[in-house]
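# Report on the structure
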Amino acid sequence: MNKPLTPQDHNLDFSRITSIIESARSRALKAVNAELIRMYWDVGEYLSSLCANAAFGDKVIDEVASYIASSGTAVKGFNRRGLYRMKQFYETYRGDEFVTPLVTQISWTNHLLIMSGSKTAEERRFYMKLCAEGHYSKRELARQIDSAYYERYMLSSKKPLPDTVPQSAKGGILDTYVLEFLDLPEQYSEQNFKKAIIANLKKFILEFGKDFSLIGEEYRVQVGNSDFYIDLLFYNRALSCLVPVELKIGKFKPEHVGQVNFYLEALDRDVKKPHENPSVGLILCASKDDAVVEYALSRSMSPTMVSDYTLCLPDKKVLQNKLRELTDIVMERDDMRGSE
């Protein structure tokens, strides 16, 4: 039987294909975001001209909001509050040549943060440039504004450059308003916070390497007369072991490790095959402030086995970054629904 050829056999680098795909996705997101921002600008300009008419005034926005609601146009964010924001957006930046090339490079959520958190035109320009160059997510921008980074920058005699942020362009513009504008499948918005993250984590772990296969979601284990449910249960071929994944919403607590160790004992006793290795657990904690990833390993494991396990499992930092990204997306979507 012939052995399948690998890229290494011919000195090929197939990663070029994934690079092409990611570049295309990034360009597509930028294009969609640019169109979305132009739409808000045009709507804001139209509303501004309406309100400038003495016969209408700002009250006309209430009528516009009612008209949109009754017209069947299924675009979220066009309620009274959203329309006022679009008008404010246009009136804040019209005639400002400095921000013209930056406006469409920033997500709508970040525009809202900058408008509400800045006191002067100079401060708005500062944070707009920061976002455009650093691809800041909502979380990172909010942190900079809350820490008065602009004031600290202006008071510094050395004028240090803005903090570098390891973010991709995708992360900076993958905004919930973009997702709504594209009219993505409804199941995304209908999932609750935890299920939305788990659905995406499942896909991420399966794509992490060919050695992971999914056994089940909310996998039931029975201990005595009680049933317990594991969020996600995988099998890793390289390690020949079960890998339960438990997601917690909120800050990490030591008892989370105890709960997953309890699951490991139940799996090793009732589910693991005799020839398989001890199970290893992943604990992920998602909160608005941070993301924590911990491994749960059997105390009976030798240092060599622990090292082997660590090499085959997803890196903690990679999982943390992915968990932060997914938390940002889901929280922003919830924030948007709550403002309607």
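This text follows the structure it describes.
Every value quoted in this text rests on a predicted model; they were computed, and no experiment measured them.

### Observations regarding a nonpolar patch on the surface
Together, Phe-14, Ile-17 and Ile-21 line one region of the surface with nonpolar side chains, adding up to about 290 Å² of accessible area. In this structure, Phe-14 sits in the segment before α1 (15-52).

### Re the sheet that holds strand β4 (residues 281-286)
Sheet architecture is open: 5 strands sit in the order β1-β2-β3-β4-β5, paired in mixed fashion. At either margin of the open sheet sits one strand with a lone partner, and together these are β1 (212-223) and β5 (291-296). On average, adjacent strands in this sheet sit at an angle of 30 degrees to one another, irrespective of strand direction. With 5 bridges connecting them, strand β2 (residues 226-236) and strand β3 (residues 241-249) associate as antiparallel partners. Bridging from a neighbouring strand, Leu-233 pairs with Pro-244 of β3. Contacts between helix α11 (residues 193-208) and the sheet are confined to β1, β2, β3 and β4, with β1 contributing the most and set at about 130 degrees to the helix.

### Things to note about the packing of α1 against helix α2 (residues 60-71)
Two elements in contact, α1 and α2, have axes separated by 9 Å at closest approach and are oriented at 135 degrees. With respect to α2, the element α1 is oriented oblique. Contact residues: α1 offers Leu-47, Leu-50 and Cys-51, while α2 offers Val-60, Ile-61 and Val-64. Residue classes in the contact of α1 with α2 are distributed as 6 nonpolar, no polar and no charged.

Here is what the cut-offs are and how they apply
- Residues numbered from 1 in each chain as written.
- Predicted model: local features only at pLDDT ≥ 70, side-chain atom pairs only at ≥ 80, totals over all residues.
- Heavy atoms only, no water.
- Patch = residues over 30% accessible without salt bridge, like charges linked within 9 Å, V, L, I, M, F, W, Y side chains within 5 Å.
- Areas by Shrake-Rupley, 256 points an atom, 1.4 Å probe, with all protein chains shown as cover.
- Salt bridge = Lys/Arg side-chain N within 4 Å of Asp/Glu carboxyl O.
- Helix = DSSP H or I, 4+ residues; strand = E, 2+ residues; numbered from the N terminus.
- Pairing = 2+ DSSP bridges.
- Axes fitted to C-alpha atoms, helices over the stretch in contact; angles between N-to-C directions.
- Contact = heavy atoms within 4.5 Å.
- Parallel < 35°, antiparallel > 145°, perpendicular 65-115°, else oblique.
- Nonpolar A, V, L, I, M, F, W, Y, C, P; charged D, E, K, R; others polar.

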